Amino acid sequence: RLGMSKIRDALEAQLPSIRGGSTGEQDFNRLAASINADVAYMVQNCKLDKQTDAMLHLVIADILVGADAMQGKDKQIGRREGALKVAGALNEYGRYFDHPGWSMLSLE
């Protein structure tokens, strides 16, 4: 929960500038690096049952695809779209996992 909360909070803080188009490559790179570090923490410290862990890994996979795009590694998905993909994955997490206090991110 800690890792997901950190990713959500970091992305939420940047969403206004991402939506407004004022987020630069350096900002996307920093945010993506932070997201990747939080994902690594989650994977390293995961203590879920097999079924729950499998579902979490689907969400994590989408987060990582978005983070790669934010770093310019995916030429099919732009940096902004990568950030929105991460936001969408976080919202999916909120639908499938019981995380007290979790709130969905606005994608608009």
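Observations regarding the side chain of Asn91
Here's step 1: Its place among the elements puts Asn91 in helix α4 (residues 79-96).
Here's step 2: Within the local environment of Asn91, its side chain forms a polar contact with the backbone nitrogen of Leu105, the two atoms lying 2.7 Å apart.
Here's step 3: Those residues in contact with Asn91 that lie beyond four places of it in its chain are Met104, Leu105 and Leu107.

With respect to the nonpolar core
Here's step 1: Core analysis: the biggest nonpolar cluster contains 27 residues, and Met4, Leu11, Ile35, Ile63, Met70, Val86 and Leu90 have the highest contact counts within it.
Here's step 2: Element by element, the count of residues in this core is highest for α4, at seven residues.
Here's step 3: Among all residues touching Ile63, those that are not within four sequence positions of it are Met4, Ile35, Val39, Val86, Ala89 and Leu90.

Let's talk about the packing of helix α3 (residues 50-70) against α4
Here's step 1: Running from amino to carboxyl end, α3 crosses α4 at an angle of 165°, the nearest separation of the two axes being 7 Å. When the interaxial angle is binned, α3 and α4 end up roughly antiparallel. Where α3 crosses over α4, the two elements pack in a sense that is left-handed. Of the residues in α4, those in contact with Met55, Leu56, Val59, Asp62, Ile63, Val65, Gly66, Ala67, Ala69 and Met70 of α3 are Arg79, Gly82, Ala83, Lys85, Val86, Ala89, Leu90, Tyr93 and Tyr96.

A closer look at α4
Here's step 1: The end-to-end C-alpha distance of α4 is 26 Å, a good match for the 26 Å that 18 residues give at a rise of 1.5 Å each.
Here's step 2: If you follow the buried residues of α4, they end up packed against α1 (2-20), α2 (25-44) and α3.

Description of the packing of aromatic side chains
Here's step 1: Tallied over the entire structure, the rule returns two aromatic pairs.
Here's step 2: Between the aromatic rings of Tyr93 and Phe97, the centroid separation amounts to 5.0 Å while the plane-to-plane angle is 20°, which identifies the pairing as stacked. Each member of the pair Tyr93 and Phe97 is classed as buried.
Here's step 3: On the basis of an interplanar angle of 70° and a centroid distance of 4.8 Å, the ring pair of Tyr93 and Trp102 is categorised as edge-to-face.
Here's step 4: Judged by relative accessible area, Tyr93 falls into the buried class, the value being 4%.
Here's step 5: The buried category is assigned to Trp102, whose relative accessible area is 16%.
Here's step 6: Aromatic ring contacts, followed pair by pair, group Tyr93, Phe97 and Trp102 into a single cluster.

Thresholds, definitions, all that
Throughout this document, residue positions are counted from 1 along each chain, in the order its sequence is written. It should be noted that, the model being predicted, local features are given only for residues of pLDDT at least 70 and side-chain atom pairs only at 80 or more, the latter also being counted only at that level, while totals for whole chains, interfaces and linings use all residues. Water and hydrogen atoms were dropped before computing side-chain values, which therefore reflect all heavy atoms in the structure. Here a helix means four or more residues in a row that DSSP labels H or I, a strand means two or more in a row labelled E, and each is numbered from the N terminus. Think of a polar contact as two N or O atoms within 3.5 Å of one another; within protein, one of them needs to be a possible hydrogen donor and the other a possible acceptor, and neighboring residues in sequence only count if both atoms come from side chains. Contacts were defined at the residue level, with two residues in contact if any of their heavy atoms lie within 4.5 Å. To qualify as a nonpolar core, a set must consist of buried Ala, Val, Leu, Ile, Met, Phe, Trp, Tyr and Cys residues joined through side-chain atoms within 4.5 Å. Partly exposed residues are those whose accessible area sits between 20% and 50% of the maximum for their type, while under 20% is buried and over 50% is exposed, using a 1.4 Å probe and protein chains only. Only the stretch in contact is used when fitting a helix axis, every axis being a line fitted to C-alpha atoms; angles between N-to-C directions are given from 0 to 180 degrees. Put simply, angles under 35 degrees are roughly parallel, angles over 145 are roughly antiparallel, angles from 65 to 115 are roughly perpendicular, and the rest are oblique. Left-handed is the label given to a crossing in which the near helix is rotated counterclockwise from the far helix by less than a right angle, and right-handed is the label when the rotation is clockwise. The span you would expect from a helix comes to 1.5 Å times its residue count less one. The pairing test for Phe, Tyr and Trp rings, Trp by its six-membered ring, is centres within 6.5 Å, and the orientation test on the planes gives stacked under 30 degrees, edge-to-face over 60, and tilted for anything in between.

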